[in-house]
Amino acid sequence: MSDIPDRISVREVGPRDGLQNEKPVPTQDKIELIDRLSATGIRRIEAVSFVRPQAIPQMADADEVWHGIERPDRVRYSALVPNLRGARRALDAGLPEIEVVVSASDTHNRKNVNRSTEESLDDIASVIDEAHQRGVTCQVIVATAWGCPYEGDVPVSRVVGVARRAVADGADSISFGDTTGMATPGRVWSLVGEFRSAYPDMPLNLHFHNTRGAGLANVLAALELGVTDFDASVGGLGGCPYAPGASGNIATEELVHMVADMGIETGVELDALIDAAADAERIVGRELPSQVLRAGPRTRTVH
Ligand code: ZN
């Protein structure tokens, strides 16, 4: 238990990853949700993505959202970008941090962006350079890190190889994404263990999905290895594009609720977060999968 950190940093990805996988919602609702989240004490928010509006209409208003939100200094906002063109839009808009994504699975990468993993990594090298020239940090997200909907399991050596290339090209941090919820604690130990032995000090963020119910178990497995940076989505916003009706991201309030009772600091106010989750549910107009949103915190008593 000794490696379990006493503080973690949660990145709220509901406004981007979550809403990108829901029916489009009004710009003003997004702005209010982000402001509500930034008031919970959360320190990192993935706010928007700069993608082609024709490809992803849910994010067509990225500039308006970014310029419409309050941006308190205590919160670090980021945007996902698909390529150099998107990166330039994000940099022009004044984002302090960008994330760029590549799939460890070649087939998944080709289906997504019509090029090989290797070709995407070449592009990413120029995105990192451009970001650094403008004083902005760049995280490389390795998607399908625990498996691919087309190829099945992706070997740990391949995933670490993709991360290795990104680190060599100057990535400021790496994030492993469990795109389709195929991770289990054993697989978390093996990938994170392998990465950590190669890069003991490289900032590492993990992005789990609860598609098969193992989301928080995977977080616990990663905590045991000393990982401190996790993504989560308020209310569990977002779904799994490869499994209609299945849940996607782990819910932020479930993560905060669990670790708070383990004595791990997040800086997040749980009640305010649950209120934000209720808001998110209202905005998308469907019941969200978060169980802490349904049941409330464990200390809630019945009158
Ligand atoms: Zn996700």
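A brief structural summary. (Residues numbered from 1 in each chain as written. Predicted model: local features only at pLDDT ≥ 70, side-chain atom pairs only at ≥ 80, totals over all residues. Heavy atoms only, no water.)

### Looking at the coordination of the zinc ion
And step 1. Summarising the metal site, the zinc ion is bound by the protein donors Asp17 (OD), His207 (NE2), His209 (NE2) and Asn249 (OD1), whose distances to it range over 2.1 to 2.2 Å.
And step 2. Taken together, the four donor atoms coordinating the zinc ion and their angles of 87 to 169° define a geometry best described as irregular.
And step 3. Ordering the donors of the zinc ion by residue number gives the pattern D-x189-H-x1-H-x39-N. In this pair, Asp17 is assigned in helix α1 (residues 14-20) and His207 in strand β7 (residues 204-207), connecting sequence segments 190 residues apart.
And step 4. When its relative accessible area of 8% is taken as the criterion, Asp17 is described as buried. (Donors = N, O, S within 2.8 Å, 3.2 Å for Na, K, Ca; no water. Tetrahedral: all angles 85-135°; square planar, octahedral: opposite > 155°, others 65-115°. Helix = DSSP H or I, 4+ residues; strand = E, 2+ residues; numbered from the N terminus. Buried < 20%, exposed > 50% of the residue type's maximum accessible area, 1.4 Å probe, protein only.)

### Digging into the packing of helix α4 (residues 84-93) against helix α6 (residues 117-133)
What describes two packed helices is the angle between their axes and the distance between those same axes.
And step 1. Put simply, α4 and α6 touch, their axes get as near as 9 Å, and they point 15° apart. Viewed along their axes, α4 and α6 adopt a mutual orientation that is roughly parallel. Between α4 and α6 lies a crossing whose hand is right-handed. Across the interface between the two elements, Leu84, Ala87, Arg88 and Leu91 from α4 touch Ser126, Val127, Glu130 and Ala131 from α6. (Axes fitted to C-alpha atoms, helices over the stretch in contact; angles between N-to-C directions. Parallel < 35°, antiparallel > 145°, perpendicular 65-115°, else oblique. Left-handed = near helix turned anticlockwise from the far one by under 90°. Contact = heavy atoms within 4.5 Å.)

### Brief notes about the side chain of Ser38
And step 1. Within the secondary structure, Ser38 is located in helix α2 (residues 27-38).
And step 2. Excluding residues that lie within four positions of it along the chain, Ser38 makes contacts with Ile45, Pro72, Arg74, Val75 and Tyr77.

### Observations regarding helix α11 (residues 270-284)
For an α-helix, 3.6 residues make a turn, and residues three or four places apart therefore share a direction.
And step 1. Taking 1.5 Å as the rise per residue, α11 with 15 residues should run 21 Å; its terminal C-alpha atoms sit 21 Å apart, in good agreement.
And step 2. The set of residues buried in α11 consists of Leu270, Leu273, Ile274, Ala276, Ala277, Asp279, Ala280, Glu281, Ile283 and Val284.
And step 3. Contacts from the buried residues of α11 go to α1, α2, α10 (252-260) and α12 (291-295).
And step 4. Within two residues after α11, Gly285 carries a phi angle of roughly 70°, on the positive side. (Expected span 1.5 Å × (residues − 1).)

### Details of the pattern of salt bridges
And step 1. For the structure shown, the criterion picks out 23 salt bridges.
And step 2. Salt-bridge contacts for Glu281 lead to Arg294; the nearest nitrogen and oxygen are separated by 2.9 Å. Highlighted residues: Glu281 in helix α11 and Arg294 in helix α12, separated in sequence by 13 residues.
And step 3. The class of Glu281 is buried, set by a relative accessible area of 17%.
And step 4. With its nearest N and O atoms 3.8 Å apart, the salt bridge here joins Arg294 to Glu287.
And step 5. Shared partners join several salt bridges into a network, and the residues in it are Glu118, Asp122, Arg165 and Asp169. (Salt bridge = Lys/Arg side-chain N within 4 Å of Asp/Glu carboxyl O.)

### A short note on the sheet that holds strand β3 (residues 76-81)
And step 1. Taken together, the eight strands give a closed barrel; going around it, the order is β1-β2-β3-β4-β5-β6-β7-β8, and neighbouring strands pair in parallel fashion. Ignoring which end each strand starts from, the neighbouring axes of this sheet average 30° apart.
And step 2. The pairing of β7 with strand β8 (residues 229-232) spans three bridges and is classified as parallel. Paired with His207 across the strands is Asp231, a residue of β8. (Pairing = 2+ DSSP bridges.)

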